[in-house]
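Analysis of the macromolecular model
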Amino acid sequence: MPFAPSLRRAAAAAAAAALAITLAACSAPAAETGSGSGDDSGLQTVTEGKLTIATGEPNYEPWFVDDDPSNGEGFEGAVANAVAEQLGYKADDIVWVRTTFDGAIAPGPKDWDINLQQFSITDDRKKAVDFSSPYYTTTQAVVAVGDSPAASATTIDELKATKVGVASGTTSYTVAKAELGEANLSVFNSVDDVVLALKGGQIDAMITDLPGAFYVVGAQLDDGVVTGQFAGADGGEEFGIVLPKGSALTSDVTDAVDALREDGTLDELQQKWLSDAVDVPVFK
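What you see is a predicted model; the values in this text were computed from it and never measured.

Moving on, we come to the nonpolar core. Ranked by internal contacts, the top residues of the largest apolar core, which has 51 residues, are Phe75, Val83, Tyr135, Ile241 and Val253. Element by element, the count of residues in this core is highest for helix 2 (residues 75-87), at eight residues. When sequence neighbours within four positions are dropped, the list of residues in contact with tyrosine 135 reads Phe75, Glu76, Val79, Leu116, Gln118, Phe239, Gly240, Ile241, Val257 and Leu266. Residues Leu159, Val164, Leu185 and Phe230 belong to the second largest nonpolar core, which totals 16 residues.

A word on a negative patch on the surface. A grouping of Glu262, Asp263, Asp267 and Glu268 is seen on the molecular surface, where their side chains present a negatively charged patch. Tracing the backbone shows aspartate 263 in the loop between helix 8 (250-262) and helix 9 (265-276). According to the relative accessible area criterion, aspartate 263 is partly exposed, its value standing at 47%.

When you line up the elements, threonine 52 lands in strand 3 (residues 51-55). Given a relative accessible area of 3%, threonine 52 falls into the buried group. Beyond its immediate chain neighbours, meaning those up to four positions away, threonine 52 contacts Val46, Thr47, Val95, Val97, Asp111, Trp112, Asp113 and Ile114.

So, about the pattern of salt bridges. One pass over the structure, following the stated rule, counts four salt bridges. Residue aspartate 67 pairs with arginine 98 through a salt bridge whose shortest N-O separation is 3.0 Å. In this pair, aspartate 67 sits in the loop between strand 3 and helix 2 while arginine 98 sits in strand 4 (residues 94-98), placing the two residues 31 residues apart along the sequence. Judged by relative accessible area, which is 29%, aspartate 67 ranks as partly exposed.

With that settled, the discussion passes to the packing of aromatic side chains. In this structure the tally under the stated criterion is eleven aromatic pairs. Aromatic pair tryptophan 63 and phenylalanine 214: ring centres 6.3 Å apart, planes at 85°, arrangement edge-to-face. Of this pair, tryptophan 63 sits in the loop between strand 3 and helix 2 while phenylalanine 214 sits in helix 7 (residues 210-220), and the two are 151 residues apart along the sequence. Both residues of the pair, tryptophan 63 and phenylalanine 214, count as buried.

Take the sheet that holds strand 8 (residues 164-167) next. Either a parallel or an antiparallel arrangement is found when strands of a sheet pair, and the pairing is made through backbone hydrogen bonds. Sheet architecture is open: five strands sit in the order 9-8-10-7-11, paired in mixed fashion. In the strand order of this sheet, the two ends are held by strand 9 (185-188) and strand 11 (224-229), each with one partner. Each adjacent strand pair in this sheet contributes to an overall mean axis angle of 35°, direction not counted. With five bridges joining them, strand 7 (residues 140-145) and strand 10 (residues 205-209) adopt antiparallel strand pairing. Bridge pairing in strand 10 places glutamine 140 opposite aspartate 209.

Definitions and cut-offs
- Residue numbers here run from 1 along each chain, matching the order of that chain's written sequence.
- Residues qualify for local features only when their pLDDT is at least 70, as the model is predicted, and side-chain atom pairs are given and counted only at 80 or more; totals for whole chains, interfaces and linings, by contrast, use all residues.
- The side-chain quantities take in all heavy atoms of the structure and omit both hydrogens and water.
- We call a set of buried Ala, Val, Leu, Ile, Met, Phe, Trp, Tyr and Cys residues a nonpolar core when their side-chain atoms join them within 4.5 Å.
- Classification of residues uses two cut-offs on accessible area relative to the type maximum, computed with a 1.4 Å probe and protein chains only: under 20% is buried, over 50% is exposed, and between them is partly exposed.
- A run of H or I in DSSP counts as a helix once it spans at least four residues, and a run of E counts as a strand once it spans at least two, with each numbered from the N terminus.
- Contacts: residue pairs with any heavy atoms within 4.5 Å of one another.
- The patch calculation keeps residues exceeding 30% relative accessible area without a salt bridge and links them within 9 Å when they carry like charges or within 5 Å when they are nonpolar (Val, Leu, Ile, Met, Phe, Trp, Tyr).
- All accessible areas in this document rest on Shrake-Rupley with a 1.4 Å probe, and a residue is counted as covered only by the protein chains that are shown.
- Here, a salt bridge means any Lys or Arg side-chain nitrogen found within 4 Å of an Asp or Glu carboxyl oxygen.
- Only four residue types enter the tally: Lys and Arg on the positive side, Asp and Glu on the negative side; His and the chain ends are excluded.
- To locate a charge, take NZ of a lysine, CZ of an arginine, CG of an aspartate or CD of a glutamate.
- Here is the rule: rings of Phe, Tyr and Trp (six-membered ring for Trp) pair when centre to centre is within 6.5 Å. Planes less than 30 degrees apart are stacked, more than 60 are edge-to-face, and the remainder are tilted.
- Here a strand pair is declared whenever DSSP counts at least two bridges between the two strands.
- Only C-alpha atoms enter the line fits that serve as axes; for helices the fit covers just the stretch in contact. Angles between N-to-C directions range over 0 to 180 degrees.

Below is the structure:
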């Protein structure tokens, strides 16, 4: 028996509504996922379920050990793993890649989520990349040659009895003047001039920031040693984790670093890898 007109109109309306719902479902845009893929942590990363961490090549102690960032050893290696854990990633979820220092802080897209290479936080660099809050503030350290009287100094009073060089206009100079006075302090135009004076025997020791001290000993002196570091970090450069500009992870990584600072983890890692492991005690 044929449908009544009212029933035919109702059936047609129902069919049209069903067709509209189907077409809407087919044509609806996919949800935005940012620059990467989401994972169980809810974070947008380069590779779903993984955290891609970049660093330099080669790497040096005490920042990384054996040029193997995946072993979690060295100060920055340990910090990276601690941050990843705070974000919800296990060590097996980390993908390590290598970059140049300059390339990491240059403008443009990146193929990694975060990067650690002793990057000092500066306003100029913030124009091209994002930074987390600082995970380390550089201290000032003393470098001496092996046969120098400063090489055996363990206290500030013992250091005052030696000839110490420092570059003018630096945080190192400010700390040296405050801690040692000016009686035996020699001031030079640049850090390179201080190194030359140390090599030539004009001074017994030099003061520079701890990362610079490791570089001087590793690359510029044959018999150099980092004898100690000063307790305060006032005026020191702050190291931050670098992220691509506008990264969706920046606030999460900053929260992770802040949590590690507040619970004492960063202090513990600094003591372990930048003092105990490399035998650089704090001057008393």
